Structure formats: C-alpha cells, structure tokens
Amino acid sequence: MKKALEKTVIDCDLLVVGGGLAGCFAAIKGADLGAKTVLVEKANALRSGAAATGVDHIWAYFPEIQGPRGYTLDDLVKDHTDKVDGMIHQDILRVISENALDRIHDLERMGVKIRYEQSKLPGKYILVRQIQSVVNTLNFDGRDMKIQMAKEVKKRGAKCINRVMINDLVVRDGRVVGAIGVGVRDRKIYLFRSKATILCTARISGGRMFNEPGPGSGMAFNLRWPPSETGDGKAMAFKAGAELINLEFSHHRVNFKNFVRGGGLPYNSYSPAGQGINAFGGVIMPPEKEVFSDSTHGIYNAPKHRLIDELMQGRGPIYCDLTTGTEDEIQFCEWSITHEGGGTSLLRIMQNEGIDFRKDRLEMGPGEVELGNFGAGGIYVDGDCHSTLPGLFVAGDEMGGVPLGCAPGAIATGWYAAEKSVAWMNRQASPAQFVPRDEEVERMESLCLSLLARKNGHPWQEAQVALNRIMNYYGLKLKTEKMIQRGLENLDDLTRHTDLEARNQHELMRCLEMHNLFLNAELILRGNLERKETRKIKSMNIHLRLDYPEQDDEHWKCALSQRLENGKIVFAKRPFRTI
Amino acid sequence: MPVKIDRKKCVQCGTCADHCPEDVIVMTKANRPQVKYPNECWHCGACMIDCRAKAIDIALPLFMRLIPEPYHKTLKDSSREY
C-alpha cells in the first residue's frame, strides 16, 4: 500500500513561481501593492536563478548621460531592435527600457553598491558599452544582490517558500487559479490557490537539452545557466493551454574550453583587456578598448562565430587573451568577473592553480547551446506580460520574444508583471477554488508516488544522456524534414520506454525535470519542423535547415507559436511588431 | 569532489546546504555538511562565498580543467615518470 503524501494548502492573491531576479522583484512589487504574495522557489531564493552568484552588468537608459548626447529612449528601443534584426516584442522592450534604471535604484535602496567615487559620469556610475551602440550598461557590485533581494522580499511582507518545485498549473473556467508543487526536501504536495500567477521560471539551460555529455562523466552540470532551468514553466504553461513562441531557435555560445563559463567572451566581463586570438597569435577579435565610449556597434553583436571559423580553417586552438591589457584594465576585468555569476569560482580556481590573466591565456571553444539570448523561446505575452491564459502572467527570461532582455529584462518585467497582474485581479471576481481531492492533485500525487515506489527503474541521469544524444544529433546542425521527423521518432521511443525511479525527494525533482525536458524537446523539434526556412540574426544562425537554406522574410519574419488544443498542437504565426 | 569542505574549519552552521542552488549539499544526522550529489554541482561558488568559516574550496573535475597557455605545470603538479 502506497503511503499518501501530506498535502499543504496555501492561499494567496499573487503567486510568483521562481525566485530569481524577476521573481524577487515581482514578489516585492506585489506585496507593496497590498496583494497577499507568495514566492515559491525550487532552490533557495538567497542564491537561485541565473544571478545566483552575481551579475556584473545591467543595461538601462540613463537620461542624464544619454540625453545630452541626443540619444533618446526611442533611440534605445530602435537600436536594440536593430541589433536583433527586428525579432523582438516591441512593447516589452519599451517596458524594459523605461523601467530598468528605476529598478537599479531600487537595488541601491536594498544595499547594492552601484555608484563609485572614481567615476566622472553624472550619478557616479561606471558604464560600459554592451548590447546597444551607446555606453549604457552599468558595471556594479552585483555578486550578492540575490541575497539582498531575497531579504527584501521578506521585509516587504511577501512569503517566500523555498525548496518546492511547481509542476502544474490549475485552470478553472479558462482561468489559472493556482498551482501544484512538490517538496524537494520534504514528502509533501503543495497546493497554491491564487487570484493571479506570475511565472518567472527562466529560459531552458541549453546544456540540459542539447549538450553531449562526456563519456563516463556521470553528466556533470558543466553549464553556463543554472542546471535547474529545465523548462518547468514552459511545460506547465503549455499543458494548461498557453501559447509558447520561438522554441525552435538556438545558437552556439563561445565559452572557456572545458569550464563552460565566461558569457560574452572575450568581451563583456573580460573587456577592456580581453581579446580573441588564434594559435599563431593572430588577433581575431581585438580588445574593446572603446568599451567606455559610444560606437556604431554593440559588443554583444561582435561576430563571435569568427572564433569558430578560425577553428574550422585550421588556425586553432583559440584563446582569450588579457595579457596585453594594462594593470588597471586587468584589475577592472577581475572586479567585473568577481561579480558576474560563477566568476568568483573561476578566479578562485585560477588562484589555486597559479594561473594569472597577466601572463596566461585561457582557451576558448564552442560552448553550450543557448536557448535564450538571441533565440528567446518562451511563453507568448501581451504588453502587460499577460499570457494567452487569463490569470497567467510571465516575467524575465520565461517570456518569449525578448532577445537580449537579460538582467534588465528580469528586474523590469518582474516588477511590471506584478503591477499589471494585481490590477487585473482587482477587476475579476474571486476565482473558483480547487481542493486536495481534485483530479489534478490526485494525478500529481499518483505520479510522484509511482516514481518514488518504482524499483529497478531508470535513474534520471540515463534519461538525461539519452535526451541529449537525440537533441544534439537531430535538433541542431543537421536539420532537414526527414532528420527532424526521425528525431521525433527517437524522442517518442525514449518517452515511451523511460520508467524513472526516484529514491528520495531530491531525485523526484530531477525525474520531474526530465519529464519537463522531454515535453520541451518535443516542442523544440516540432517548431523546427514547422519553420521552413533558415533564420539568422546578424549573420548568426538561430535556426539552420539544410533543406531550406534561405531566410524567408516574406513568410517567416514572425514568431511561431504552439499551443495545446484538444490534445493536439496548434501552430500560429505572430507578427513581432504587434505581438 | 567539486566542493571541498575542511572539517576542521567547518562550524557546522548549515549555510552551504541551505544556500546550494542545486540541492547538492545536505547536512548529515551528525550535523555535518555532506556533498551528496557531486555530479550535480554547478560550480557556482555560492557555498564557498557564503561560508563564514572560509572552510570551503572549489575544484573542477578532470574533464573541466583550465589549462593555461603558454602551458606550464600548475601549482599542484607533481613530477611525471615514464
């Protein structure tokens, strides 16, 4: 006889799922507006999400700095739109541009250091050029900002529940009325009943979908983005009937060879000293000495695939080289790296090993596949961050169609989604209630109990390796109609033959993550099959079809949406200007 | 082991287990931190940064090692015999 799981019911006005940058700001704003707010986090909000151990840079519009140069907020929106070839949600981009600086000032009030005596700029900011053409990205002491934000969540009166994985949304009368989760460290089912829900559940960490794990490695989490970002939000939103967009897009990053870190290499946190060189000392990407002045290009758009071309043309290995920088420049880089996620680890490892940027170069290589950034797959929203499902709002990287929204996208839309969702719930009647004996709860409990009770089942790691093999081979560089269809057959076979076993609550979380990855994988492949073109952003492929090698703007300069209707996937095209 | 915890320095406060974003570290019944799921470590450094006793160091598995150029034997290297 299976022992039932204890059930806890938590009632609130606003439910925020995911406690990263977006989720913390959503909870803070929700509580400020007087809504009874609950933030649920799979890990611990003190150190969770993409910014767990920091962010060193946030772009924004600084009127006192860009204004006098004749660069308006409209210019910023247009500039960013051009950088992603128009493939961006205009309303949300405007929300980010208008609000990011206010949120940075909120961070300062929480105790985050953002101003520096040595700065000669108004406001004493240290700014660099990153994505847009102007110097509008704040470099700052962001290493511990998550700790400061999570403390602020509680201070403002929102309740924070850590170590609970939300797995399903509950819909009544076409409206999202709450969610069901399971304890990561306790044997419990959690029912959250809410008037509105905001998903702040991030992009998919590309490595968990695509990367080929090393043989015998036991699948170490050698990933740029948090390993716990497994498309949980996308899976639950899709199952509940919401539209998702852009899932077919992906691109390759350049990271440090072996240790998959170093976003923006050889620039961003590694500028102004960093340059990209080949095996013969040839400079492929010169140092961005002009990072402190305006330019016609953002350094994020620098053609990093030239580094990969260098390898293909026999001039590898390729290196990130800071050795030509001045001592001041290298110290600036080390400060940035300390505050960028994982950077403290990188510097500690270098110190332990006697490796120094002043004399040593570090090798770069093609890193993990990226499903966010330029691709920006996620849930489809309107200008109020409202999904196609009433009562379901979305913020941060979980929103589809906002390429390079990055950290400012998270902090600005988290806050904004809370404002809009509270205004929305105040116009609605009270939602229908659901109770522990309802069908969805029983289904969740029975799923968890079967995973926990199974003997001699598949460990989740085995399913992870199998999924990566399929996606890496059929879903990336060799895509044709036949190949993708074969990939779907492989995935169908995998899904039918996988009987996962969880020996405890921790493994139960990993098993549920695998289910979510499987569902996302299917949507990725189906999107790949449907989009019959090759799509590039600034000459970089974000979707390569060998059987449709040309970009087809006439039919495909749009987002492809997928949603579930009567058990079938329904596709639709959504224009970028007006989505 | 991706995370090395110095038992002599550890004050058994539980912060590393509490903060770990991947639920890799657990406290044992004897109230000692244990790296229970080393293959799931993200190497983010949260435990190391937040350890008040500075008892935690981070190390990379063999297949994730950073190898400098120009190549030199890093500090922990020992002599090699054929």
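Residues numbered from 1 in each chain as written. Chains lettered and ligands numbered in written order. Predicted model: local features only at pLDDT ≥ 70, side-chain atom pairs only at ≥ 80, totals over all residues. Heavy atoms only, no water.

**What about the interface of chain B and chain A?**
- At the interface, 36 residues of chain B touch 54 residues of chain A.
- For the chain B and chain A pair, buried surface summed over both sides reaches about 3800 Å², with 52% attributable to carbon and sulfur atoms.
- Together, Trp42, Leu66 and Glu69 of chain B form the three largest contributors to the area buried by chain B at its contact with chain A, with a combined 21%.
- Where chain B meets chain A, there are 7 salt bridges. (Contact = heavy atoms within 4.5 Å. Buried area = accessible area lost by both parts, 1.4 Å probe. Salt bridge = Lys/Arg side-chain N within 4 Å of Asp/Glu carboxyl O.)

**Focus: the sheet that holds strand S16 (residues 318-321) of chain A**
Residue and element names in this part refer to chain A.
- One open sheet accounts for 5 strands, arranged S13-S17-S16-S14-S15; its pairing is antiparallel. Only two strands of the sheet have a single partner each, and these edge strands are strand S13 (251-256) and strand S15 (283-285). Ignoring strand direction, the axes of neighbouring strands in this sheet form an average angle of 45°.
- As paired strands, S13 and strand S17 (residues 362-370) are joined by 5 bridges and run antiparallel to one another. The residue of S17 that forms the bridge with Val254 is Pro366.
- Contacts from helix H8 (residues 305-312) reach S13, strand S14 (275-277), S15, S16 and S17, with the element oriented near 140° to S15. (Pairing = 2+ DSSP bridges. Helix = DSSP H or I, 4+ residues; strand = E, 2+ residues; numbered from the N terminus. Axes fitted to C-alpha atoms, helices over the stretch in contact; angles between N-to-C directions.)

**What about the sheet that holds strand S9 (residues 175-183) of chain A?**
All names here are of chain A.
- The 4 strands are arranged S1-S10-S9-S8 in an open sheet whose pairing can be described as mixed. The sheet is open, and its two edges are formed by strand S1 (6-11) and strand S8 (164-172), each paired on a single side. On average, each strand axis in the sheet is inclined to that of its neighbour by 20°, with strand direction left out of account.
- Relative to strand S10 (residues 188-193), S1 runs parallel, the two being bridged by 6 bridges. If you follow Asp11 over to S10, its bridge partner there is Arg193.

**A look at helix H15 (residues 505-530) of chain A**
- Taking 1.5 Å per residue, 26 residues should reach 38 Å; H15 of chain A reaches 38 Å between its end C-alpha atoms and fits that length.
- When you tally the buried positions in H15 of chain A, you get 21 out of 26 residues, the bulk of the element. (Expected span 1.5 Å × (residues − 1). Buried < 20%, exposed > 50% of the residue type's maximum accessible area, 1.4 Å probe, protein only.)

**Some words on unusual backbone geometry**
- For the bond running from Gly316 of chain A to Pro317 of chain A, omega is 0°, close enough to zero to count as cis.
- Residue placement: Pro317 of chain A occurs in the loop between H8 and S16.
- The omega angle of the peptide bond from Glu69 of chain B to Pro70 of chain B is 0°, so this bond is cis rather than trans.
- Of note, Pro70 of chain B is situated in the segment after strand S4 (56-58).
- The residue Asp173 of chain A is not glycine, and still its phi comes out positive at about 50°.

**Concerning the packing of helix H13 (residues 460-474) of chain A against H15 of chain A**
Residue and element names in this part refer to chain A.
- In contact at an axis separation of 10 Å, H13 and H15 are set at 15° when each is read in the N-to-C sense. Of the possible angle classes, the one that applies to H13 and H15 is roughly parallel. Seen from above, H13 lies across H15 with left-handed handedness. Mapping the contact onto sequence places Trp460, Ala463, Gln464, Leu467, Met471 and Tyr474 in H13 and Arg510, Cys511, Met514, Leu517, Phe518, Ala521, Ile524 and Leu525 in H15.
- Of the residues that constitute the contact of H13 with H15, the class distribution is 12 nonpolar, 1 polar and 1 charged. (Parallel < 35°, antiparallel > 145°, perpendicular 65-115°, else oblique. Left-handed = near helix turned anticlockwise from the far one by under 90°. Nonpolar A, V, L, I, M, F, W, Y, C, P; charged D, E, K, R; others polar.)

**Concerning the environment of Glu288 of chain A**
All names here are of chain A.
- Within the secondary structure, Glu288 is located in the loop between S15 and H8.
- For Glu288, a relative accessible area of 9% puts it in the buried group.
- With 17 residues separating them in the primary sequence, Glu288 and Ser271 have C-alpha atoms 6.0 Å apart.
- Discounting chain neighbours no more than four positions away, the residues touching Glu288 are Arg129, Tyr267, Ser271, Pro272, Gly274, His297 and Ile299.

**Some thoughts on the confidence of the model for chain B**
- Confidence in the prediction for chain B averages 91 pLDDT; 90% of positions are at 70 or higher.
- The ipTM for the predicted assembly is 0.95, set against a pTM of 0.97. (pLDDT = per-residue confidence, 0-100.)

**Considering the packing of aromatic side chains**
Residue and element names in this part refer to chain A.
- Going through the model one piece at a time under the given rule, you end up with 10 aromatic pairs over all chains.
- Residues Tyr190 and Phe192 carry aromatic rings whose centres are separated by 6.2 Å and whose planes lie at 10° to one another, so their mutual orientation is stacked. Of the two residues, Tyr190 and Phe192, neither departs from the other in class, the shared state being buried.
- Ring geometry for Phe292 versus Phe332: centroids 5.4 Å apart, planes at 75°, classification edge-to-face. With Phe292 in the loop between S15 and H8 and Phe332 in helix H9 (residues 327-339), this residue pair connects regions lying 40 residues apart in the sequence.
- The class for Phe292 is partly exposed, based on a relative accessible area of 43%.
- Members of the aromatic cluster, each reached through a chain of ring pairs, are Tyr116, Phe292, Phe332 and Trp335.
- For Arg103, the ring lying beneath its charged end belongs to Trp415, and the centroid distance is 3.7 Å.
- Between Arg510 and the ring centre of Trp460, over which it is positioned, the NZ or CZ distance is 5.8 Å. (Phe/Tyr/Trp six-rings, centres within 6.5 Å; stacked < 30°, edge-to-face > 60°. Lys NZ or Arg CZ within 6 Å of the ring centre and 35° of its normal.)

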